[in-house]
Amino acid sequence: MVAAEVVDRRQVRKVALSGLLGTVIEYYDFLLYSTMAALVFGTLYFPGSNPAVSTIAAFGTLAAGYVARPLGGLLFGHFGDRVGRKSALVTSMVLMGVASVLIGVLPTYSSIGLTAPVLLVLLRCVQGIAVGGEYGGAALMVIEHADARRRGTWAGIMQAGSPLGSLLSNGAVALVTLLPREDFTSWGWRVPFLASAVLLIIGLYVRLSVVESPLFRQALEKGVEREQVPLLRVLREPRAVLLACAAGIGPFAMTALIGSHSVAYAKGLGYDLPDIMRAHLLISLTGLIGIPLFSALSDRIGRRRVLLIGAAGAVLFAFPMYALLGMRTVPAMIAALVIAQVFQNLMYAPLAPMLSEMFGTRVRYTGVSLGYQMASLLGAGFTPMIAAAMVAGSGGSSLPLSCIIVAAVGISIVSVLLISETRGRDLGE
C-alpha cells in the first residue's frame with residue numbers, strides 16, 4: 001500500500017512536470033506571436049500607409065489563432081475522451097512546435113506577396129488548434145492523478161507554465177529587441193520562434209514518460225461505455241459548458257489587454273520599447289508566483305471565492321489602471337500592469353481545477369477544452385483588435401478599455417455565482 005502511494009506521488013510529480021513543460025511550450029509560442037504581432041508583423045506582412053491599420057490587421061491574425069482554439073479543443077477533446085489523454089497531448093505539443101518553427105522561417109510580404117500573410121494566418125490557426133488541445137488535457141491529466149484535497153495545488157504547478165512561457169517569450173523578445181532596429185526587423189524577430197524547437201525536444205522527452213490518467217484507465221477496466229461523440233453528450237446538458245465558458249471570459253479579456261494590447265498602447269503613449277518589455281517580464285514573474293499560490297489557496301477556501309475576489313478587484317481597478325499608464329512614467333506603468341496581473345491571476349488560477357470538477361470522466365477532456373477555449377475566443381480572441389480600433393476611433397481615450405474590463409469581468413461574476421462550489425467533488429461517475 002505504501003509502495004503504491006509512493007509510486008502515485010511520483011507519477012503526480014511527473015505528470016505535473018509534463019503539464020508544466022507542455023503549457024510552457026504552448027504559451028511561449030502562442031504569446032510570442034502576440035508580441036510580434038504588436039511589434040513587427042503589421043509592417044512585414046500587412047504593409048500599408050497607415051501604421052494603425054497595419055497593427056489592427058496584425059491583431060486580426062492574432063484573433064485567427066483564438067478562433068481555431070475551440071476547434072482544437074473539440075478535436076483533441078474527442079480523441080482524448082475516446083482514445084486517451086496522453087496521445088492527444090503528445091500530438092498537440094508536436095503540432096505547436098512545428099508551426100512555430102515554420103513561422104520563424106516564413107518569407108515576408110516583400111518576398112512572396114500575398115502568400116506571406118495567408119501562410120502566416122494558416123500557421124497561426126495551427127497554433128490555435130494545438131493550444132486548444134493542450135490546456136484541457138494537461139489540466140485534467142494532473143487533476144485525475146492528484147489527491148482530491150490537493151488538486152488546486154498540483155494544477156497550479158501545471159498552470160504556472162502559462163506565465164513561465166510568457167516569461168521566456170518576453171525574455172526572448174527583450175533580448176532580440178536589443179539588436180539594431182534593422183537587424184531586429186530583418187532577422188532578429190525570427191530567432192525566438194526557431195528556439196522553440198529546443199523546448200519541443202525537452203517537452204516531448206518528459207511527456208512520453210508519463211502514464212495514462214488513472215481515472216481513464218479505471219473507466220476502461222470497468223467496461224464503462226465510451227461516448228461515440230463526447231461533444232453531443234456535453235451539448236445535451238449545456239449548462240456546465242456555458243457556465244465554464246462565461247467564467248473564463250473575464251480573466252482572458254484581461255490577459256489580452258495586459259499582455260498583448262498594452263504593448264501597442266504603451267508605445268502609442270510614448271513609452272520606450274525596452275521599458276515596456278521589462279514591465280512585461282515583471283508581469284510574467286507576478287504570474288509565476290501568483291497562479292500557483294492562488295490555485296493552492298482555492299484548495300483551502302474554494303474555487304469560487306478566489307475567483308470572485310479577483311473579479312471584484314479587477315472591476316475596481318479597471319479605471320485606475322489606465323490612469324496610471326497615462327502618467328507616462330515607467331514606475332506608474334509597472335504598477336498598473338502588475339496590480340492588474342494580480343487580479344487576473346486570482347481569476348485565472350482556480351479555473352483548471354474548477355472546470356475539471358464540472359464534468360464527468362467520459363466527457364471531461366471535451367467539456368473542459370470546449371469551455372476554456374470558447375472563453376479564450378470570446379474573452380481574448382478579438383479584444384486586442386477591438387481595443388486598438390476603439391482607441392483609434394476615440395482619439396486615444398482609455399475609457400473604452402476600462403469598459404471592456406468591467407463588462408467582461410461582470411460576465412464572469414454572474415456565471416461564478418451560478419456555479420456550485422466544486423472543491424473536493426468526486427471525479428468518478
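As the structure is a prediction and not an experimental result, all values here were calculated from the model.

**Student:** Any chance you could explain helix α5 (residues 115-145) here in plain terms?
**Tutor:** Because an α-helix packs 3.6 residues into every turn, residues spaced three or four apart end up facing the same way. Taking 1.5 Å per residue as the helical rise, α5 with its 31 residues ought to reach 45 Å, and the 45 Å between its terminal C-alpha atoms agrees with that figure. Counting buried residues in α5 gives 24 out of 31 residues, a clear majority hidden from the surface.

**Student:** Quick question: what am I supposed to make of the environment of Leu 235 here?
**Tutor:** Tracing the sequence through the fold places Leu 235 in helix α11 (residues 230-236). We classify Leu 235 as partly exposed; its relative accessible area is 44%. Leu 235 sits 132 residues away from Gly 367 along the chain, and the two C-alpha atoms are 9.1 Å apart.

**Student:** Looking at this structure, I do not really get the side chain of Ser 415. What am I missing?
**Tutor:** Inspection of the secondary structure puts Ser 415 in helix α19 (residues 399-418). On the basis of relative accessible area, Ser 415 is assigned to the buried category, the value being 3%. In contact with Ser 415, not counting residues within four places along its chain, are Leu 243, Ala 246 and Ala 247.

**Student:** Please clarify how the confidence of the model for the protein should be interpreted in this entry.
**Tutor:** Caution applies to low-pLDDT parts of the model: their predicted coordinates are not meant to be read in detail. Taken over all residues, the pLDDT of the protein has a mean of 86, while the share at 70 or more is 93%. Low pLDDT (under 50) marks residues 1-7, which in the prediction has zero contacts with non-local residues, meaning those over four places away or in another chain.

**Student:** I keep staring at the packing of aromatic side chains and nothing clicks. Help me out?
**Tutor:** Note on aromatic pairs: each is described by the distance of the centres and the angle between the planes. Here the structure, examined in full by the defined rule, presents 12 aromatic pairs. Consider the rings of Tyr 45 and Trp 189, whose centres lie 6.2 Å apart with planes at 90°: the pair is edge-to-face. Here Tyr 45 is found in helix α1 (residues 2-45), whereas its partner Trp 189 is found in the loop between α8 (181-188) and α9 (190-207), with 144 residues between them in sequence. Residue classification places Tyr 45 among the buried positions, given a relative accessible area of 1%. Look at Trp 189 and you get buried, because its relative accessible area is 0%.

Calculation criteria
- Residues numbered from 1 in each chain as written.
- Predicted model: local features only at pLDDT ≥ 70, side-chain atom pairs only at ≥ 80, totals over all residues.
- Heavy atoms only, no water.
- Helix = DSSP H or I, 4+ residues; strand = E, 2+ residues; numbered from the N terminus.
- Expected span 1.5 Å × (residues − 1).
- Buried < 20%, exposed > 50% of the residue type's maximum accessible area, 1.4 Å probe, protein only.
- Contact = heavy atoms within 4.5 Å.
- pLDDT = per-residue confidence, 0-100.
- Phe/Tyr/Trp six-rings, centres within 6.5 Å; stacked < 30°, edge-to-face > 60°.

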